[in-house]
Amino acid sequence: MKNFTILSLFLFCLTSLFSREMGEFVKDVKIKPLEFQVPEIKSLQTDSGVEIYSLGNSEFPIVYADLYIYHGKKHLGKRPVEIGKLLEDSWELSGTKSYPNEKFLQDLEYYGATFSVSIDYEKTIISWSYLRNEESKVLPILKSFFLESSLDESIVATVRGKIAEEIKRRNDSPTGLGSRKAKEALFLGTILGTSMSLDSLSKITTNELLEFQSEILSEPKRRLLLTGDFDLSVWKDFFPKLIPKSNSRPEEVVESRLLSKNVENFKKEIRLVEKDVNQSFVSMFGVLPKHDHPDFYAIQILNYIIGAGGFNSYYMREIRNNRGLAYSAGSNTEFQENYGVLQFYAMTKTESVPEVLNLMKELIQTQLISNLKEDELIRAKNAIQNQFVFQFEDARRTLASEVRRKDHNMPVGYLLDFRKNIEAVSLDDLKRVGKTYFKSDSLIVTIVGPKSLESNLKGQVKIMNPED
């Protein structure tokens, strides 16, 4: 009864919450801005068309390389989405004509080298590392991958079976299930919003895989990220020169306005994914502007205060610590070239779901954001500015950040000016972005839990099966 009274007071008299300071255990912690210098990144354009970004470190005799090939799942067209995962897991295991099947990876491992292939939505990333003194032995093996890659049908069949088992088990985790179903709604009508299916997986042919593999290898837009103890001259002529194809496949473009349209279609209902669990997952997904939007910095700070700041955030303090309603609670943002995504989440006991959902919505309402205080803003700024230094904790991450800036058309000097732009954010900026993006009535609500929750949830509830 006592807990019910506290919650009632919270819901109907929120001014008491707005006037509260951060938790006693963190409010006196003083976080000072950290001073550091952004390392200088070198870049050059090779005759083969590959852009090389390098950041040397000769402390250890190891070369690290990440090749970004700008051909990924968004170039699938009408091909099944499962083809990306199937090719990714089969490719390196199939080896090359000169180093077939396991011999490719075995020979690399013999010389202490590593190798991996990852096909994401935007691009394909091929990564490798090796000991500098073994370079003359490793390079011919690596070069064969780009000149004579192959696909072994027996390996493809084995990988197909493993992926099928992953699909069958993907609903085991309430968190993974809830996030997947939420993205299916948010990205409806796109490759990003299409989940893999057993039927489509079984129909993919070797010719389709070879076609996609060939497209990736013939993509002329490539960027090589080099770190460690490398010799730059080795890489200037390493890759063959590629000529752009006039009949290249059109790529899918996902923009914020498309996602906003999907939100409009789903925001009036609570999507309950039926699953008998003791710990339910609650998720709210919304749309943000693209990465280079002026509101980017204010959104980062408000997100930190509301849910991304760990124990410093309202979600952790009010939902988990003060009320004991959730095992975890928070928020996160994702910014891409043409859109952004905002997610609020909580993992809670099934019987607490209605209460937690109401609280998640209350904690992002305009009145709370309008009553944020200057010390909360300063604390968030200092924390974000200090966390920013980890962008440069290793050279590979530093180069990845620089290339991401270029991919997303961020202004020149973005990394250098990041902390300055964070510092310029005001309380008025937080109020403005809060009213624009942090709106509980403009979010897709997805819950993973038993069907019995339906009677306790206020509003229109749509019952779904995990594979609907």
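Residues numbered from 1 in each chain as written. Predicted model: local features only at pLDDT ≥ 70, side-chain atom pairs only at ≥ 80, totals over all residues. Heavy atoms only, no water.

**Student:** For the packing of helix α3 (residues 82-94) against helix α9 (residues 206-217), give the residues involved together with the corresponding values.
**Tutor:** The interhelical angle for the contact between α3 and α9, taken along N-to-C directions, is 75 degrees, at an axis separation of 10 Å. With respect to their mutual orientation, α3 and α9 come out roughly perpendicular. Contacts between α3 and α9 involve I83, G84, L86, L87 and W91 on the former and, on the latter, E208, L209, F212, Q213, I216 and L217. (Axes fitted to C-alpha atoms, helices over the stretch in contact; angles between N-to-C directions. Helix = DSSP H or I, 4+ residues; strand = E, 2+ residues; numbered from the N terminus. Parallel < 35°, antiparallel > 145°, perpendicular 65-115°, else oblique. Contact = heavy atoms within 4.5 Å.)

**Student:** How would you sum up the sheet that holds strand β6 (residues 222-228)? Please name residues and give values.
**Tutor:** Read from one edge of the open sheet, 6 strands run β1-β2-β6-β3-β5-β4, paired in mixed fashion. Two strands in the sheet have a free side with no partner beyond their single neighbour: β1 (42-45) and β4 (114-119). The mean inter-strand angle of the sheet, taken between neighbouring strand axes irrespective of direction, is 15 degrees. Judged from the 7 bridges that link them, strand β3 (residues 62-69) and β6 form a sheet pairing that is antiparallel. When the bridges of β6 are listed, V63 appears paired with G228. The sheet contacts of helix α17 (residues 395-407) involve β2 (51-56), β3, β5 (124-131) and β6, and relative to β6 the element is tilted by about 155 degrees. (Pairing = 2+ DSSP bridges.)

**Student:** Describe in detail the sheet that holds strand β9 (residues 326-335), supporting the description with residues and values.
**Tutor:** Judged by pairing direction, the sheet is mixed, and its 6 strands sit side by side in the order β9-β10-β8-β11-β7-β12 without closing on themselves. With partners counted over all chains shown, the strands left at the sheet margins are β9 and β12 (460-464), one partner each. Along the sheet, successive strands turn relative to each other by an average axial angle of 20 degrees, direction set aside.

**Student:** Tell me what's going on with the packing of helix α16 (residues 374-387) against helix α18 (residues 414-423), and back it up with residues and numbers.
**Tutor:** In a packed pair of helices, the relevant descriptors are the angle between the two axes and the axis-to-axis distance. Between α16 and α18, the least distance of the axes is 9 Å, while the angle of their chain directions is 175 degrees. Taken together, the axes of α16 and α18 lie roughly antiparallel to each other. Mapping the contact onto sequence places K381, I384 and Q385 in α16 and F418, R419, I422 and E423 in α18. Counted by class, the contact of α16 with α18 contains 3 nonpolar, 1 polar and 3 charged residues. (Nonpolar A, V, L, I, M, F, W, Y, C, P; charged D, E, K, R; others polar.)

**Student:** Any details on α3? Residues and values, ideally.
**Tutor:** Under the 1.5 Å per step criterion, the end-to-end length of α3 is 18 Å for 13 residues, consistent within 8% with the ideal 18 Å. Its buried side turned inward, α3 meets α4 (102-110), β4, α5 (135-147), α6 (153-169), α8 (198-203) and α9. At the exit of α3 stands G95, carrying a positive phi of roughly 70 degrees. (Expected span 1.5 Å × (residues − 1).)

**Student:** Provide a residue-level description of the nonpolar core, including the pertinent values.
**Tutor:** Grouped together as the largest cluster of nonpolar side chains are 62 residues, with contacts concentrated most on F115, W128, L224 and W235. Beyond its immediate chain neighbours, meaning those up to four positions away, W128 contacts V63, Y64, A65, L67, T114, F115, L142, F146, L224, W235 and F239. Within the second largest apolar cluster, 57 residues are counted, among which are Y314, A383, L415 and V461. (Core = buried A, V, L, I, M, F, W, Y, C linked by side-chain atoms within 4.5 Å. Buried < 20%, exposed > 50% of the residue type's maximum accessible area, 1.4 Å probe, protein only.)

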